[in-house]
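# Commentary on secondary and tertiary structure
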Amino acid sequence: MSTVLQIDEEITRLRKALRSGEGAAIDHAAAPLIRALGEPLVNQARRLIRSAWRPLGVEGEDLVQDAWIRALTYLTEPGGEAVRTQEHLLRLLLRMIKQRFLDTLDRAEGRDEQDFDDGKAEQMSGASELGEGLLWLEAGARQKLIGALFAGDDAFRAACVGKPKRRARQYQSYVLFTLAEFYRREVLADGETAGLFERYVSLLGIAPEDWGRVEQVAAQPEAGDTELFAVVNTLCGTALAERKALYVLRHELGELAS
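Cut-offs and rules
- Residues numbered from 1 in each chain as written.
- Predicted model: local features only at pLDDT ≥ 70, side-chain atom pairs only at ≥ 80, totals over all residues.
- Heavy atoms only, no water.
- 1 Å grid on protein atoms, 1.4 Å probe; cavity = no way out; pocket = protein on both sides within 12 Å on 5 of 7 lines; lining within 4 Å.
- Points joined across faces, edges and corners; volume = space filled by probe spheres on them.
- Helix = DSSP H or I, 4+ residues; strand = E, 2+ residues; numbered from the N terminus.
- Nonpolar A, V, L, I, M, F, W, Y, C, P; charged D, E, K, R; others polar.
- Expected span 1.5 Å × (residues − 1).
- Bend = angle between axes of the 7 residues up to and from the residue.
- Buried < 20%, exposed > 50% of the residue type's maximum accessible area, 1.4 Å probe, protein only.
- Phe/Tyr/Trp six-rings, centres within 6.5 Å; stacked < 30°, edge-to-face > 60°.
- Contact = heavy atoms within 4.5 Å.
- Salt bridge = Lys/Arg side-chain N within 4 Å of Asp/Glu carboxyl O.

### Some points on the layout of surface pockets
Size it by volume and the largest pocket reaches roughly 480 Å³. Forming the boundary of the largest pocket are 19 residues, of which Q99, R169, Q172, L235 and C236 lie nearest the centre. For the lining of the largest pocket, the elements supplying multiple residues, two or more each, are α4 (86-108), α8 (168-187) and α11 (225-236). The class makeup of the residues in the lining of the largest pocket is 9 nonpolar, 4 polar and 6 charged.

Quick look at the structure:
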C-alpha cells in the first residue's frame, strides 16, 4: 500500500472521528498525523517568531497548536473535504501558522484589524449590493487595485492612493466573499457567463486552488453567509462573522482606489 493511500485513510479516519465528537477517538485519529507533520510545522513557526523585530509573547509551539485547532475544525466543513493528503494538510497548516503569526504581529504593533465602525458602515457604503463597482470587467482604478490586492501586501500598498488601514488579506476576504455571492447568484443561474467569470477571477490573481474552495461552498444550495465566512476566513486568516464588516471593507477599498 502506498504512503499517499495510507495518509488518505488517516485523514478520512480523523474526519470521521471529528464528526463523531468523541474525544478519545479524535485523539487516537489525530496522533499519527500530528507526529508526522510536527517537525516542519514547529520549525516554520519558530523561524517566523525569530523574524519578528519585537517580542510577541508567544512561542512557535503556540502558533502550531492554534493552527491544528483551526485545521481540525476546517476538516469537517465543506471546503475541508478537499484535504485528502498529508501534503495538502501540511500546506494548510503552514498557511494557518503564518496567518496566526501575522495576527500576533499586528496586535504587537498596536493595530486591531477587526475594529470596524459598524454604526457608520452602511451609511458610508450605501444599501446597494456589496459587489457594486468591483465586479465590472472594464479596466479601472478599482480593478487595478484588486489585482494588486492578490499580489501581496507590498503590491497592494503601492497601488493604493492612500495608506490602507488593514493588511491586504482583510480586503481579500471581502472580495472573495463578494465574488462567491456573485457566483451563486448570477453565474450558477446563467451557465453562459461561467467562462467569462472564471477568466475574470484568474485575471485578479486569485490562486485557482483558493477559488476552487470558495466556489465549492458557493455552489452548494444550502450554503449561507456562515459557510461562506468560514471558507473565506480560513483562506485569508481573518475572523469576519457579519456583513457589517464587509460594508466597512468595501468603503475603505473604494477610498483607496479613488
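### Points about helix α2 (residues 23-51)
Relative to the 42 Å expected for 29 residues at 1.5 Å per residue, α2 spans just 36 Å between its end C-alpha atoms, considerably shorter than the ideal helical length. The largest bend in α2 comes to about 55 degrees, at G38, with the proline P40 one to four residues further on. Within the sequence span of α2, burial applies to I26, A29, A30, L33, L37, L41, V42, A45, L48 and I49.

### Looking at the packing of aromatic side chains
Under the counting rule described, the total for this entry stands at 6 aromatic pairs. With a centroid separation of 4.7 Å and an interplanar angle of 25 degrees, the aromatic rings of F177 and F229 are classed as stacked. Of this pair, F177 sits in helix α8 while F229 sits in helix α11, and the two are 52 residues apart along the sequence. Side by side, F177 and F229 carry an identical accessibility label, which is buried. When the ring of F182 is compared with that of F197, the centres are 5.6 Å apart and the planes differ by 25 degrees; the resulting orientation is stacked. Of the two residues, F182 is situated in helix α8 and F197 in helix α9 (residues 194-203); the sequence distance between them amounts to 15 residues. Exposure remark for F197: the relative accessible area of 8% places this residue in the buried category. Three or more aromatic residues joined by ring pairs make a cluster, and in this case those are F182, Y183, F197 and W211.

### Some words on the side chain of S173
By the element assignment, S173 lies in helix α8. In this structure S173 comes out as buried when scored by relative accessible area, which is 0%. Excluding its chain neighbours within four sequence positions, the residues that come into contact with S173 are V232, C236, T238, L240 and L249.

### What about the pattern of salt bridges?
By the definition in use, this model includes 13 salt bridges. A salt bridge links R46 to E61; the shortest N-O distance between them is 2.4 Å. Of the two residues, R46 is situated in helix α2 and E61 in helix α3 (residues 60-74); the sequence distance between them amounts to 15 residues. Here R46 falls in the partly exposed class, since its relative accessible area comes to 39%. Assessed through its relative accessible area of 36%, E61 is described here as partly exposed. The salt bridge partner of D225 is R243, with a shortest N-O separation of 2.8 Å. Taken together, the positions of D225 in helix α11 and R243 in helix α12 (residues 243-257) put the pair 18 residues apart, joining distant regions of the chain. What makes D225 partly exposed here is its relative accessible area of 27%. Residue class for R243 comes out partly exposed when judged on its relative accessible area of 26%.

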